[in-house]
Amino acid sequence: MNLKEHLLSREAIALQVDAKDWKAAVKAGTDMLVKAGTIEPRYYEEIIQNTQELGPYYLLAPGLAMPHARPEGGVIENSFALVTLKEPVAFGDPDNDPIDILITLAARDAKTQNEEAIVQVVTLLDNEETIEKLRGAKTLDDIKILFEELD
Amino acid sequence: MIKILAVCGNGMGTSLVIKLKVKKFVEANNIKCQIDSCSLGQAKGFISQGVDIVLLSSQLASGLGTVPPRTHVLALKNLMDDKEFGPKILDIVEKNYPEDISK
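Model, not experiment: these values are computed from the prediction. (Residues numbered from 1 in each chain as written. Chains lettered and ligands numbered in written order. Predicted model: local features only at pLDDT ≥ 70, side-chain atom pairs only at ≥ 80, totals over all residues. Heavy atoms only, no water.)

Glancing now at helix H2 (residues 22–36) of chain A. One full turn of an α-helix is made of 3.6 residues, so residues set three or four places apart face in the same direction. Residue and element names in this part refer to chain A. Here H2 is 15 residues long and its end C-alpha atoms lie 22 Å apart, about the 21 Å a rise of 1.5 Å per residue gives. Taking the largest bend as the criterion, H2 deviates by roughly 25°, centred on Ala-28. Looking at H2, one finds that the buried residues are Trp-22, Ala-25, Val-26, Ala-28, Gly-29, Thr-30, Met-32 and Leu-33. Looking at the buried positions of H2, the neighbouring elements they touch are strand E1 (13–17), helix H3 (42–54), strand E4 (79–89) and strand E5 (99–106). (Helix = DSSP H or I, 4+ residues; strand = E, 2+ residues; numbered from the N terminus. Expected span 1.5 Å × (residues − 1). Bend = angle between axes of the 7 residues up to and from the residue. Buried < 20%, exposed > 50% of the residue type's maximum accessible area, 1.4 Å probe, protein only. Contact = heavy atoms within 4.5 Å.)

Quick look at the structure:
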């Protein structure tokens, strides 16, 4: 489950998205995965419901979110989606708002999620320069060039 | 050896992010430690067995309840920034487990 290859091959990348609020931002990511057939539509509902109950539990750092629910929340296949927003949106966490980069995570089981998926998300986002380039990317080619530089 | 626990809502998301970041930090600083991760619901069980440092998102901190005097709770705003938790971990290790830092 290679994050960068996966994003490119599945076309699970949406850049400079117009999202009116946090729900729309989350949906931009899950919609791509529903279309790719890797999650059921209810995975989105799970994330929204969990967020309303627990708060935005998937914010990693200022500007960065990793929306996900549990594997039994409707994951068909391990997958990721990358969304960047034209205008950042608030998730209701003053420490990290506003958010403009989201990596949606869907893992079929806890082991995959723990040992592979999250490691790759953290590795990708563990670099200020990479984050700035993701933020500035306008086209799929910008992302391809960035990922090639990283490999 | 110092025991560190990363906690999040379901034990599968941000606690793993914290665990990875802490692991990287302790390795870079030559600190010997054991790092586990779990859900908020499982945290009490872990803590009762003896945990020195609990790290979790500041949003979840109130859900942890009371902890024994041995346990330091670090409520984090930014989970990806070792400048936020690093100096605190280092300080706790230096005071309580100086032998676990190899020079």
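Next comes the rest of the write-up.
What follows covers the interface of chain A and chain B. Residue-level contacts link 23 residues of chain A with 15 residues of chain B. At the boundary of chain A with chain B, the tally comes to two salt bridges. A salt bridge links Lys21(B) to Asp126(A); its shortest N-O distance comes to 2.5 Å. Viewed at the interface, chain B and chain A are joined by six residue pairs in polar contact (both at pLDDT 80 or more). Of the residues forming the side of chain A that touches chain B, the biggest block, seven residues, is contributed by helix H4 (residues 110–125) of chain A. Residue composition of the side of chain A that touches chain B, by class: 14 nonpolar, five polar and four charged. (Salt bridge = Lys/Arg side-chain N within 4 Å of Asp/Glu carboxyl O. Polar contact = N/O pair within 3.5 Å; in protein donor to acceptor, adjacent residues only side chain to side chain. Nonpolar A, V, L, I, M, F, W, Y, C, P; charged D, E, K, R; others polar.)

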